[in-house]
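# Structural overview for review
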Amino acid sequence: EIIRNKVIDTLLVPEKESLSSQSIEQLIKLRNQQQQQQQIISLVDIRWLKTHEEVLWHRVDHLKDAIKEWNAYKMPLLVDRKSGAILDGHHRYHVGCLLGLSRLPVVLVDYLEDDSIDVDVWPACGLDCLTKEDVIEMSLSDEVFPPKTSKHGFVAALSPINIPLSQLV
């Protein structure tokens, strides 16, 4: 799961003392190590996952070539644990479909409850704003937003993985 590390956040914004750039780098490294330890990868049925946004197919083609060359998935998808809505990883999802995979590596989150994940819109997408509820609603419908509509921000970045394709067939 993606968990916000409040202790490190507090240390990065000290009240009275200033930290050297070396100290800040050490704190960031520590935070990243802790986040990697806390990231839980689940292999979920690809049929359970739900898209809310169209993809750029030339990017899917390039990513498919890379994943085949690596013979592995190098980054998990970010998915709402209740609905199966894909929050980050639509291109990776479509690669999985094209490769005939039955499972994909994901990090499951409580999207609507997790304040460390926010949603915004990309500039020039045609919408002024988007809510988490809009994302879930679209993922449960038969339609999708155009490519590059939703822009998710989350405190804990996804850490790289190395899940062989043979485990996803």
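Up top is the structure.
Here we summarise the structure given alongside this text. The model shown is predicted, which means the values in this text are computed figures rather than measured ones.

### Notes on the overall build of the protein
Per the secondary structure count, the protein includes five helices and eight strands. Seen in sequence order, the protein has helices and strands lined up from the N terminus as α-α-β-α-β-β-β-α-β-β-α-β-β. Within the protein, the proportion of its 169 residues that are buried is 41%. Put simply, of all contacts in the protein between residues at least 6 apart along the chain, 78% involve residues at least 24 apart. Accessible surface for the protein amounts to roughly 9,900 Å². Of this, 50% is attributable to carbon and sulfur atoms.

### Remarks on the side chain of Thr149
Locating Thr149 in the fold gives a position in the loop between helix H5 (132-139) and strand E7 (150-154). A distance of 2.6 Å separates a polar side-chain atom of Thr149 from the backbone oxygen of Pro146. Non-local contacts of Thr149, meaning those with residues more than four positions away in its chain, are made with Glu53, Asp120, Val121, Trp122, Cys125, Leu127 and Leu130.

### A word on the sheet that holds strand E1 (residues 42-45)
Spatially, E1-E5-E3-E4 is the arrangement adopted by the four strands of the open sheet, whose pairing is mixed. One side of each edge strand has no neighbouring strand; the edge strands of this open sheet are E1 and strand E4 (86-88). Neighbour-to-neighbour, the strand axes of the sheet open up by a mean angle of 55 degrees, direction not taken into account. The sheet contact formed by E1 and strand E5 (residues 103-109) spans four bridges and is antiparallel. What sits directly across from Asp45, in E5, is Arg103. Taken strand by strand, helix H4 (residues 90-98) contacts strand E3 (77-80), E4 and E5, and its axis lies near 120 degrees from that of E4.

### A few points about the packing of aromatic side chains
Tallied over the full model, the rule gives zero aromatic pairs. Across the ring face of Tyr111, the terminal group of Lys132 is positioned such that the distance to the ring centre comes to 5.2 Å. Geometry around Trp122 places Lys151 over its ring, the cationic atom sitting 4.6 Å from the centre.

### Description of unusual backbone geometry
Within the chain, Asn71 stands out as a residue other than glycine whose phi angle is a positive 60 degrees. Structurally, Asn71 can be placed in the loop between helix H3 (57-70) and strand E2 (72-73). Given the relative accessible area of 46%, Asn71 is considered partly exposed. Not every positive phi belongs to a glycine, and Ala124 is a case in point at roughly 65 degrees. Residue position: Ala124 is located in the loop between strand E6 (117-121) and H5.

### Some remarks on H5
Of all the positions in H5, only Lys132, Val135, Ile136, Met138 and Ser139 are classed as buried. Summarising the axial view, the buried residues of H5 lie within an arc of 165 degrees, below the 170-degree limit, and thus occupy one face. Where H5 is buried, its residues touch E3, E4, E6 and E7.

### Some words on the nonpolar core
Among soluble globular proteins, nonpolar side chains are generally buried collectively. With 20 residues, the main nonpolar core has Leu49, Tyr73, Leu77, Val79, Tyr93, Leu104 and Val106 as its most contacted residues. Looking at this core, the elements that each hand over two or more residues are H3, E3, H4 and E5. Residue contributions to this core peak at three residues, all from E5. Each residue touching Tyr73, except ones within four places of it in the same chain, is listed here: Ile67, Arg92, Val95, Gly96, Leu101, Leu104, Pro105, Ile161, Asn162, Ile163, Leu165 and Leu168. Membership of the second largest hydrophobic core comes to 16 residues, among which are Leu87, Val107, Val119 and Phe145.

Calculation notes
Residues numbered from 1 in each chain as written. Predicted model: local features only at pLDDT ≥ 70, side-chain atom pairs only at ≥ 80, totals over all residues. Heavy atoms only, no water. Helix = DSSP H or I, 4+ residues; strand = E, 2+ residues; numbered from the N terminus. Buried < 20%, exposed > 50% of the residue type's maximum accessible area, 1.4 Å probe, protein only. Contact = heavy atoms within 4.5 Å. Areas by Shrake-Rupley, 256 points an atom, 1.4 Å probe, with all protein chains shown as cover. Polar contact = N/O pair within 3.5 Å; in protein donor to acceptor, adjacent residues only side chain to side chain. Pairing = 2+ DSSP bridges. Axes fitted to C-alpha atoms, helices over the stretch in contact; angles between N-to-C directions. Phe/Tyr/Trp six-rings, centres within 6.5 Å; stacked < 30°, edge-to-face > 60°. Lys NZ or Arg CZ within 6 Å of the ring centre and 35° of its normal. Arc of directions from axis to C-beta. Core = buried A, V, L, I, M, F, W, Y, C linked by side-chain atoms within 4.5 Å.

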